[in-house]
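Spelled out, the chains give:
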Amino acid sequence: MQETILADLNELIERHIRHGGSLLAVLHAIQDDVGFVPPETVAPLARAMNLSRAEVHGVITYYHHFRTQPAAPVTVQLCRAEACRSMGTEALAQHIEARAGCRFDAGHDGGHRHDAAVGLESVYCLGQCALSPALMINGTLHAKVTPQKFDALLDAAEAALRGAQRAEEPA
Ligand code: FES
């Protein structure tokens with residue numbers, strides 16, 4: 001991890017603690033800031049909040065929301081909670097795994113495809129229970145998702161990723 005990022009994170013931790021932020025609030029702020037909670041933040045967080053490293057690590061690993069490595073460029077977060085389950089989420093999950101070429105939640109940080117371009121994560125309620133099954137792709141919510149709809153969404157997300165990668169290539 002780059003020194004500057006770590007220095008920024010230390011500053012962020014101190015700022016939140018100064019304002020009485022809870023461990024959860026600080027973890028959310030870190031993930032919002034850099035996209036994940038770097039393992040290097042566990043020790044300074046524990047020190048600053050007078051907790052053990054095990055306690056901080058326990059909270060990070062308990063909540064599915066937190067990841068300890070960057071998300072895949074195309075990240076699919078499928079709701080596995082009750083309302084969506086009753087509307088066929090598990091069958092949809094099997095379809096998604098077959099289509100994406102990786103598994104959900106392989107390890108705490110989600111399953112990534114071999115080329116790491118696609119990652120699958122389980123989440124628990126996206127607030128779309130009446131329109132289930134629901135999922136998010138790169139933070140965009142989609143409801144009443146069928147296998148066909150998912151295929152089209154994934155195609156679009158992968159096409160957008162290829163376009164972005166081409167745009168970054170030197171001319
Ligand atoms: S249970 Fe899936 S969105 Fe609420």
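This structure is a prediction, so every number in the text was calculated from the model and none was measured.

Next up on the list: the overall build of the chain. From N to C terminus, the chain includes seven helices and five strands. In the chain, the succession of helices and strands from N to C terminus is α-α-α-α-β-α-α-β-β-β-β-α. Projected onto the principal axes, the alpha-carbon positions of the chain cover approximately 50 × 50 × 25 Å. Counted over contacts in the chain with a minimum sequence separation of 6, partners at least 24 positions apart contribute 57%. Carbon together with sulfur atoms contributes 54% to the accessible area of the chain, which is approximately 9,400 Å² in total. Each charge sign in the chain was given a centre, from 14 positive and 20 negative side chains, and these centres are 5 Å apart.

Another aspect to go through is the domain arrangement of the chain. Taken domain by domain, the chain holds domain 1 (3-62) and domain 2 (74-168). Each of domain 1 and domain 2 was reduced to a C-alpha centroid, and the two centroids are 28 Å apart.

A cluster of nonpolar side chains, contributed by L24, Y62 and Y63, occupies part of the molecular surface with about 320 Å² of accessible area. Counting through the fold element by element, Y62 comes out in helix α4 (residues 53-62). Since its relative accessible area comes to 61%, Y62 is described here as exposed.

The linkage connecting S132 with the following residue, P133, adopts the cis geometry, with an omega of 0°. Tracing the sequence through the fold places P133 in the loop between β3 (118-123) and β4 (135-137). Notably, N50 is not glycine yet its phi reads approximately 55°, a positive angle. Mapped onto the elements, N50 comes out in the loop between α3 (42-49) and α4. With relative accessibility at 71%, the residue N50 sits in the exposed group. In this structure, C125 is a non-glycine residue whose phi angle is positive, near 80°. Checked against the element boundaries, C125 lands in the loop between β3 and β4.

What counts and how
Residues numbered from 1 in each chain as written. Predicted model: local features only at pLDDT ≥ 70, side-chain atom pairs only at ≥ 80, totals over all residues. Heavy atoms only, no water. Helix = DSSP H or I, 4+ residues; strand = E, 2+ residues; numbered from the N terminus. Contact = heavy atoms within 4.5 Å. Areas by Shrake-Rupley, 256 points an atom, 1.4 Å probe, with all protein chains shown as cover. Lys, Arg positive; Asp, Glu negative; His and termini not counted. Charge placed at Lys NZ, Arg CZ, Asp CG, Glu CD. Domains from an automatic or database assignment. Patch = residues over 30% accessible without salt bridge, like charges linked within 9 Å, V, L, I, M, F, W, Y side chains within 5 Å. Salt bridge = Lys/Arg side-chain N within 4 Å of Asp/Glu carboxyl O. Buried < 20%, exposed > 50% of the residue type's maximum accessible area, 1.4 Å probe, protein only.

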